[in-house]
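# Coordinate inspection notes
Spelled out from the first residue to the last, the chains are:
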Amino acid sequence: MQAVLGICGYSGSGKTTLLEAMLPRLKRAGLRVAVIKHSHHDVQLDAPGKDSFRHRQAGASEVMIVSPRRVGVFAETERELTLDEQLARLSPCDLVLLEGQKTLPVPKLEVYRPALGKPARYETDPNIIAVASDAPLTADIPVLDLNDADAVAQFIAAWLASRRFAT
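Reference entry: report on the structure contained in this document. (Residues numbered from 1 in each chain as written. Predicted model: local features only at pLDDT ≥ 70, side-chain atom pairs only at ≥ 80, totals over all residues. Heavy atoms only, no water.)

### With respect to the nonpolar core
Worth spelling out the cut-off: Remark: nonpolar core denotes a set of buried residues (Ala, Val, Leu, Ile, Met, Phe, Trp, Tyr, Cys) joined through side-chain atoms within 4.5 Å. The classification of residues rests on relative accessible area computed with a 1.4 Å probe and restricted to protein chains. Under 20% of the type maximum is buried, over 50% is exposed, and intermediate values are partly exposed. Numbering of helices and strands runs from the N terminus, with a helix taken as a DSSP run of H or I at least four residues long and a strand as a DSSP run of E at least two residues long. Residues are treated as being in contact if the distance between any of their heavy atoms lies within 4.5 Å.
The biggest cluster of nonpolar side chains holds 23 residues, and the ones touching the most others in it are Leu18, Met22, Leu95, Leu109, Val152 and Ile156. When residues of this core are traced back to their parent elements, those giving at least two are β1 (3-8), α1 (15-28), β5 (95-99), β6 (108-112), β7 (128-133) and α4 (149-166). Top contributing element to this core by residue count: α4, with seven residues. Apart from the residues lying within four places of it in its own chain, the contact partners of Leu18 are Leu109, Val111, Ala132, Leu146 and Val152.

Structure, rendered in structure tokens:
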């Protein structure tokens, strides 16, 4: 099974910004990384009037769009996919980062900004293996500088390597 690490935190904490900064670093480290972004909203991934949209509206359960450098699949589902179902749709990779899905029982890195006034999850969620913050914290798990994407990426690469070594 692919290694999975959740990146969790409240809205506005900087999850997407951190991912955007870390992904090139993880890629330079030789890792193939996929991201699954969760949304609580019924997002529209296709544009009305486009052929792919029209095919789905006409009844296709999946529509694949293929170009010289990209592929995309639009699929209709009757329910939200489980994590295993989400992972099964991905190409093989070294690591899957989940943005959101904070309640899943997977290892997670919390992005925490005390200034948001929200409670820290790392104090109550035993699946959180580290916290990246913009403020000094006292914790029983590693505390990383949220503004140091190199350090966070190195932590993730080391965590991934330790999982590989353990299996």
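### Section: helix α2 (residues 51-58)
Defined as follows: The arc refers to the directions leading from the helix axis to the C-beta atoms.
All of the buried residues along α2 are Ser52, Phe53 and Arg56. Projected down its long axis, α2 shows its buried positions confined to an angular sector of 100°, all on one face. The outward face of α2, more than 90 degrees from its buried face, is lined by the exposed residues Asp51, Arg54, Gln57 and Ala58. Contacts from the buried residues of α2 go to β3 (62-66) and β4 (71-75).

### Considering the sheet that holds β1
In plain terms, the rule: We treat two strands as partners when DSSP finds at least two bridges between them. A fitted line through C-alpha atoms represents every axis, and for helices the fit uses only the stretch in contact; the resulting angles, taken between N-to-C directions, go from 0 to 180 degrees.
Taken in spatial order, the six strands make up an open sheet running β2-β5-β1-β6-β7-β8, and their pairing is parallel. Each end of this open sheet is capped by a strand with a single partner; those strands are β2 (33-37) and β8 (143-145). Strand-to-strand twist in this sheet, taken as the mean axis angle between neighbours without regard to direction, amounts to 25°. Across five bridges, β6 lies against β7 in parallel orientation. When the sheet's bridge partners are listed, Val111 is paired in β7 with Ala132.

### Focus on α1
The following threshold applies: Given the number of residues in a helix, its expected span is that number minus one, multiplied by 1.5 Å. One axis is fitted to the seven residues ending at the residue and one to the seven starting there. The bend at that residue is the angle between these axes.
If you check α1, its first and last C-alpha atoms are 20 Å apart, about what 14 residues at 1.5 Å a residue would give, namely 20 Å. Considering bend angle alone, the principal kink of α1 is centred on Met22 and spans about 30°; proline Pro24 follows within four residues of it. The complete set of buried residues in α1 reads Lys15, Leu18, Leu19, Met22 and Leu26. Phi turns positive one or two residues past the end of α1, at Gly30, with a value near 90°.

What is shown is where atoms sit, not what they do.
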